[in-house]
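# Secondary and tertiary structure notes
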Amino acid sequence: MENNSITRFSKILLITAAVFLVISLFVPIWSIYLDAPQYPEGLSLKIWANKIAGDVDIINGLNHYIGMKTLHTEDFIEFTILPYIITFYALLFLLTAKIASRKMLYYVLGAFVLFGVVAMVDFWLWEYDYGHNLNPNAAIKVPGMAYQPPLIGFKQLLNFGAYSIPNIGGWLFVAAGVLLVIASVIEIKKVRK
């Protein structure tokens, strides 16, 4: 094994991370749950790599009263390009495992972390736009009130409690990132020896 070559275990971690990303294409990545007295069973919005699903029609109906834009998959370019980006990273992980270059592993980790940060900023901006740019002629107006759901965690929005958390696909993304970090740490320790 040449000096710049990664270990067999690091290759396995990269392949596993690639598999996690492929699986994330077929499960929800994020969920927003709404809980209110008039909806004891709750409402949910499931964000997949290529669509918005869940109680979209009911949530759009409720959002109309407070002046929020309606949610439609086709209004978001992200749902068109995200499956390709995820596939690209899965293939990049596999290519890195095949080439077995330590330097490439570090670059791939950096690029994947950057992608995660950009994705979360984009999601926050998406939530901000929908929660703040309200129709001034809405039936219900509360001065100074914005309806932006939390990026992660809980927030009270009038009589609705909003919970925003990663779903299976989101946790698979986190796990893929953790596997890349573990592989990088293993390689750094190997070089130091």
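This structure is a prediction, so every number in the text was calculated from the model and none was measured. Throughout this document, residue positions are counted from 1 along each chain, in the order its sequence is written. Owing to the predicted nature of the model, reporting of local features is limited to residues with pLDDT of at least 70; listing and counting of side-chain atom pairs is limited to 80 or more, with chain, interface and lining totals taken over all residues. Side-chain calculation: all heavy atoms of the structure are included, whereas hydrogens and water are not.

## Details of the sheet that holds strand S4 (residues 153–157)
- Two strands qualify as a pair provided DSSP detects at least 2 bridges between them. Under the DSSP-based scheme used, a helix requires at least four consecutive residues in state H or I and a strand at least two consecutive residues in state E, with every element numbered from the N terminus. Spatially, five strands are ordered S3-S2-S1-S5-S4 in an open sheet, and the strand pairing comes out antiparallel. Each having just a single partner strand, strand S3 (52–54) and S4 make up the two edges of the open sheet. Strand-to-strand twist of the sheet, defined as the mean angle between neighbouring strand axes without regard to direction, takes the value 20°.
- In terms of strand pairing, strand S1 (residues 30–36) meets strand S5 (residues 160–166) through six bridges, oriented antiparallel. Of the residues in S5, the one forming a bridge with Ile32 is Ser164. All axes here are fitted lines through C-alpha atoms, helices being fitted over the stretch that makes contact, and every angle between N-to-C directions spans 0 to 180 degrees.

## Description of the packing of aromatic side chains
- In summary, the pairing rule links any two rings of Phe, Tyr or Trp, Trp by its six-membered ring, whose centres are within 6.5 Å, and it sorts them by plane angle into stacked for under 30 degrees, edge-to-face for over 60 and tilted for everything else. Within this structure, the stated rule accounts for 17 aromatic pairs.
- Consider the rings of Tyr89 and Phe112, whose centres lie 5.4 Å apart with planes at 65°: the pair is edge-to-face. You can see Tyr89 sitting in helix H3 (residues 78–99) and its partner Phe112 sitting in helix H4 (residues 102–132), a full 23 residues away along the chain. Accessibility assignment for this pair places Tyr89 and Phe112 in one class, buried.
- Here Phe123 and Trp126 contribute two aromatic rings whose centre-to-centre distance is 5.4 Å and whose plane-to-plane angle is 25°, an arrangement assigned as stacked. Taken as a pair, Phe123 and Trp126 lie in helix H4 at a separation of three residues, close to a single helical turn. The pair Phe123 / Trp126 is uniform in exposure class, with both members buried.
- Two conditions define a charge located above a ring, namely a distance within 6 Å from the ring centre to NZ of Lys or CZ of Arg, and an angle within 35 degrees of the ring normal. The ring of Trp48 carries the charged tip of Lys51 above its face, separated from the ring centre by 4.8 Å. Categorising residues by exposure relies on relative accessible area from a 1.4 Å probe, with only protein chains included: less than 20% of the type maximum marks a residue as buried, more than 50% marks it as exposed, and the intermediate range marks it as partly exposed.

## Structural notes on H4
- For H4, built from 31 residues, the straight-helix expectation of 45 Å at 1.5 Å per residue is met to within 8% by its first-to-last C-alpha distance of 45 Å.
- Buried residues of H4: Arg102, Met104, Leu105, Val108, Leu109, Phe112, Phe115, Phe123, Trp126, Glu127, Tyr130 and Gly131, and no others.
- For this analysis, a polar contact is any N or O atom pair within 3.5 Å, provided that within protein one partner can donate a hydrogen and the other can accept it, and provided that sequence-adjacent residues contribute only side-chain to side-chain pairs. Its side-chain oxygen placed 3.4 Å from the backbone nitrogen of Lys103, Ser101 serves as the N-cap of H4. Multiplying 1.5 Å by the residue count of a helix minus one yields the expected span of that helix.

## Quick notes on the pattern of salt bridges
- By definition here, a salt bridge exists when the distance from a side-chain nitrogen of Lys or Arg to a carboxyl oxygen of Asp or Glu is within 4 Å. A complete count under the given rule lists three salt bridges for this structure.
- Residue Arg102 is joined to Glu187 by a salt bridge in which the shortest nitrogen-to-oxygen separation is 3.5 Å. Of the two residues, Arg102 sits in helix H4 while Glu187 sits in helix H5 (residues 168–192), which places them 85 residues apart along the sequence. Residues Arg102 and Glu187 agree in their burial class; the two are buried.
- With a shortest N-O distance of 3.5 Å, Glu187 and Lys190 are connected by a salt bridge. Remark: Lys190 and Glu187 occur in helix H5; sequence separation between them is three residues, near one turn of the helix.
- What makes Glu187 buried here is its relative accessible area of 0%.
- For Lys190, a relative accessible area of 27% puts it in the partly exposed group.

## As for the side chain of Gln148
- Here Gln148 is to be found in the loop between H4 and S4.
- The class for Gln148 is buried, based on a relative accessible area of 7%.
- Apart from residues lying up to four places away in sequence, Gln148 is in contact with Trp124, Glu127, Tyr128, Gly131, His132, Lys155 and Leu157. Pairs of residues are marked as contacts when any of their non-hydrogen atoms sit within 4.5 Å.

## Here's the deal with H3
- With 22 residues, H3 should cover 32 Å at 1.5 Å per step; its first-to-last C-alpha distance of 30 Å lies within 8% of that length.
- Along H3, the residues classified as buried are Phe79, Leu82, Ile86, Tyr89, Ala90, Leu92, Phe93, Thr96 and Ala97. Viewed along the axis of H3, the buried residues span an arc of 155°, placing them on a single side of the element. In H3, those exposed residues whose orientation departs by more than 90 degrees from the buried face are Tyr84, Leu91 and Lys98.
- Along its buried surface, H3 packs onto helix H1 (8–24), strand S2 (39–47), S3, H4 and H5. Note that the arc is defined by the directions from the helix axis to the C-beta atoms.

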